[in-house]
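Each chain, written out:
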Amino acid sequence: MASSNAAVQKIIQHIPLPRMIRVRQKFCQEHITDIPAALHQQLGMRNLSAGIAPGATIAITAGSRGIANLPVILRELVGWVRTHGGQPFIVPTMGSHGGATAEGQAGVLHELGITEETLGAPIRATMEVVRIDTTPNGLPVHIDRFAQEADGIIVVGRIKQHTSFRAPIESGLAKMIAVGLGKRDGAEICHAAGVPNVPVRVREIAETALQRANILFAVGILENAYDETFRIAAIPAEQILNEEPALLDISREHMPQILFDRCDVLVVDEAGKNIAGTGMDPNVIRRNYVDTFAMPPLAQRLALLSLSQESHGNANGMTNADVCTRRFFNQIDFFETYPNPLTNGMLQSCKIPLVMENDKLAIQAAIKGCFGIGHNDVRLIRIKNTLQIGEILISENLLPEARNNPRIDIIGMAEELTFDAQGNLL
């Protein structure tokens, strides 16, 4: 093994790494400064408390994404329900995430700061579902057992572009109903006919669920490119499918992006299910293992350095990387990862990238894998993750493009990448 590693290092260890400069990408900075006030304003505008009778049990959904201010929003909803005489509780709504177990899904919420202590309400986790009906086309409609047994359901979710398709409704409230509340069964049914049919099935199942389940209303959350909440929308159940498309269009306008046309290597410090369903948002890295919509490519090669702790070892989407580190590989929990592809049928999502022993070798391997460049001329971009791209690092030879873009500020000096004794970035 040692000799094999030495042979690999011999091939790539001479490859130079460029000096890097920190730049700030400028996006719309509109955001809500008082989350509780904004939420309560929305709740009070549409007479949403009318569906809460004294003593009514109310299930509030909580998904697996790292949504800004989600614990605050859920806590305020819990208090609001109690103010109106209801008895709130939280249900994990995340399809097959968390290893497709009740304990795993409760653990995901805990990592996101969503606990009984922080919210002041019990968390009732189960993978059991109740089949409440079938759609006009014969698709089974399932709802989380605890949610279905409650007197009412409040759906909470972020509205944004999906990572694998384009449609009037993508990742948001309808998906939380069809896939989140439907648990693994709902996720499997929505994906069973392939990615192009997912939005059709999500809408169809959500429409039937809205007619048959006691969903009271939804709270849609929109985020800007800095991972900040810029809009909260409370929507009566009967209006969810009508109002979500317009909110998705608004969300698209605020999506984060890397403001460079092309580079040779993109280095991503961390990926994870709390960041995107595929670990890294394809809309940001501009590559996807699902060939369902075209996007202009960003980088020839992508080096992925680590997996977020909040991902609980779920490395779904790692195939979007060309190279990863031994650290990333050791962080993978295959029993957490495999329920995703086995549920949605996209087995290609979990192909393992080339594994290098440390950060330096991973970056050098990515450079070695580029075509048509001199190693001294590599155009390299480094980001923390696909949620946090307000400030990024670029190689010196990308400076002319940065200077010509009014949405980019140069805020640092050219510096060498520094590594510890193990070859990992400091």
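This text goes with the structure placed above it.
Here goes a summary of the coordinates provided. (Residues numbered from 1 in each chain as written. Predicted model: local features only at pLDDT ≥ 70, side-chain atom pairs only at ≥ 80, totals over all residues. Heavy atoms only, no water.)

### A look at the overall build of the protein
Then, number 1: Secondary structure assignment for the protein yields 16 helices and 15 strands.
Then, number 2: Its C-alpha atoms give the protein a radius of gyration of 22 Å, within 12% of the compact-globule value 22 Å for 426 residues.
Then, number 3: When the backbone C-alpha atoms are referred to their principal axes, the protein occupies close to 70 × 45 × 40 Å.
Then, number 4: Here the protein holds 426 residues, and the buried ones make up 58% of them.
Then, number 5: Put simply, 74% of the contacts in the protein that link residues at least 6 apart link residues at least 24 apart.
Then, number 6: Roughly 17,200 Å² of accessible area belongs to the protein as shown, and the carbon and sulfur atoms make up 49% of that amount.
Then, number 7: Side-chain charges of the protein comprise 38 positive and 45 negative groups, with the mean position of each set lying 5 Å from the other. (Helix = DSSP H or I, 4+ residues; strand = E, 2+ residues; numbered from the N terminus. Rg over C-alpha atoms; globule rule 2.2 N^0.38 Å. Buried < 20%, exposed > 50% of the residue type's maximum accessible area, 1.4 Å probe, protein only. Contact = heavy atoms within 4.5 Å. Areas by Shrake-Rupley, 256 points an atom, 1.4 Å probe, with all protein chains shown as cover. Lys, Arg positive; Asp, Glu negative; His and termini not counted. Charge placed at Lys NZ, Arg CZ, Asp CG, Glu CD.)

### Some words on a nonpolar patch on the surface
Then, number 1: Taken together, Tyr338, Leu342 and Leu347 make up a surface patch of nonpolar side chains, about 330 Å² in accessible area.
Then, number 2: By secondary structure assignment, the location of Leu342 is in helix H14 (residues 339-344).
Then, number 3: Residue class for Leu342 comes out exposed when judged on its relative accessible area of 61%. (Patch = residues over 30% accessible without salt bridge, like charges linked within 9 Å, V, L, I, M, F, W, Y side chains within 5 Å. Salt bridge = Lys/Arg side-chain N within 4 Å of Asp/Glu carboxyl O.)

### Things to note about the pairing of strand S4 (residues 129-134)
Every regular strand shows the same layout, with side chains that alternate between the two sheet faces.
Then, number 1: Sheet topology places S4 next to strand S5 (residues 140-144); five bridges connect them, and they run antiparallel. Following the sheet pairing, Asp133 is matched in S5 by Val141.
Then, number 2: The turn joining S4 and S5, which pair antiparallel and follow one another in sequence, is formed by five residues; a positive phi near 90 degrees is taken by Gly138. (Pairing = 2+ DSSP bridges.)

### Observations regarding the pairing of strand S9 (residues 263-271)
Then, number 1: Of all nine residues making up S9, nine are buried, and the element is well covered by its neighbours.
Then, number 2: Examined bridge by bridge, S9 and strand S10 (residues 299-307) share seven bridges and lie parallel to one another. Within the sheet, the bridge partner assigned to Leu266 lies in S10 and is Leu302.
Then, number 3: By the bridge criterion, four bridges tie S9 to strand S13 (residues 380-383) in an arrangement that is parallel. From the neighbouring strand, Val267 faces S13, where its bridge partner is Arg382.

### Points about the nonpolar core
Then, number 1: With 47 residues, the main nonpolar core has Ile143, Ile153, Val155, Ile177 and Ile215 as its most contacted residues.
Then, number 2: When sequence neighbours within four positions are dropped, the list of residues in contact with Val155 reads Thr61, Leu173, Met176, Ile177, Leu181, Ile215, Phe217, Ala218 and Val219. (Core = buried A, V, L, I, M, F, W, Y, C linked by side-chain atoms within 4.5 Å.)

### Quick notes on the pattern of salt bridges
Then, number 1: Enumeration over the complete set of coordinates arrives at 23 salt bridges.
Then, number 2: Two residues, Glu391 and Arg22, come together in a salt bridge whose shortest N-O distance is 3.7 Å. A residue pair is termed long-range when its members are at least 10 positions apart, and Glu391 in strand S14 (residues 391-395) and Arg22 in strand S1 (residues 20-25) qualify at 369 residues.
Then, number 3: Since its relative accessible area comes to 36%, Glu391 is described here as partly exposed.

### So, the sheet that holds strand S8 (residues 229-236)
Then, number 1: The sheet built from five strands is open, its strands ordered S3-S2-S6-S7-S8 with mixed pairing. The two strands at the open ends of the sheet, each matched to only one other strand, are strand S3 (87-92) and S8. Averaged over all pairs of adjacent strands, the angle between strand axes in this sheet comes to 20 degrees, irrespective of strand direction.
Then, number 2: As defined by bridge partners, strand S7 (residues 215-223) adjoins S8 across seven bridges and the pair is classed as antiparallel. (Axes fitted to C-alpha atoms, helices over the stretch in contact; angles between N-to-C directions.)

### Quick notes on the state of the cysteines
Then, number 1: Throughout the structure, instances matching the rule amount to zero disulfides.
Then, number 2: Summary of cysteine pairing: Cys350 is not part of a disulfide, and the nearest cysteine sulfur, belonging to Cys324, is at 13 Å.
Then, number 3: Using a relative accessible area of 9% as the deciding quantity, one classes Cys350 as buried. (Disulfide = S-S within 2.5 Å.)

### Observations regarding the sheet that holds S10
Then, number 1: With mixed pairing, the eight strands of this open sheet are ordered in space as S12-S11-S10-S9-S13-S14-S1-S15. Sheet topology places strand S12 (354-356) and strand S15 (408-410) at the edges, where each strand pairs with a single neighbour. With direction set aside, neighbouring strand axes in the sheet form an average angle of 25 degrees.
Then, number 2: Pairing of S13 with S14 involves two bridges; the strand directions are antiparallel. Its bridge partner being in S14, Arg382 is matched across the sheet by Leu393.
Then, number 3: Along the sheet, helix H15 (residues 359-368) contacts S9, S10, strand S11 (323-325), S12 and S13; its crossing angle with S11, the most-contacted strand, is approximately 175 degrees.

### Here's the deal with the packing of aromatic side chains
Then, number 1: For the structure shown, the criterion picks out four aromatic pairs.
Then, number 2: Ring centres 5.7 Å apart and planes at 90 degrees place the aromatic pair Trp80 and Phe217 in the edge-to-face group. Within this pair, whereas Trp80 is found in helix H3 (residues 70-83), its partner Phe217 is found in strand S7, the two being separated by 137 residues in sequence. No difference in accessibility class separates Trp80 from Phe217, as the two residues are buried.
Then, number 3: An angle of 65 degrees between the planes, with centres 6.3 Å apart, marks the rings of Phe329 and Phe334 as edge-to-face.
Then, number 4: The structure contains a cluster of three or more aromatic residues connected by ring pairs, namely Phe329, Phe334 and Tyr338. (Phe/Tyr/Trp six-rings, centres within 6.5 Å; stacked < 30°, edge-to-face > 60°.)

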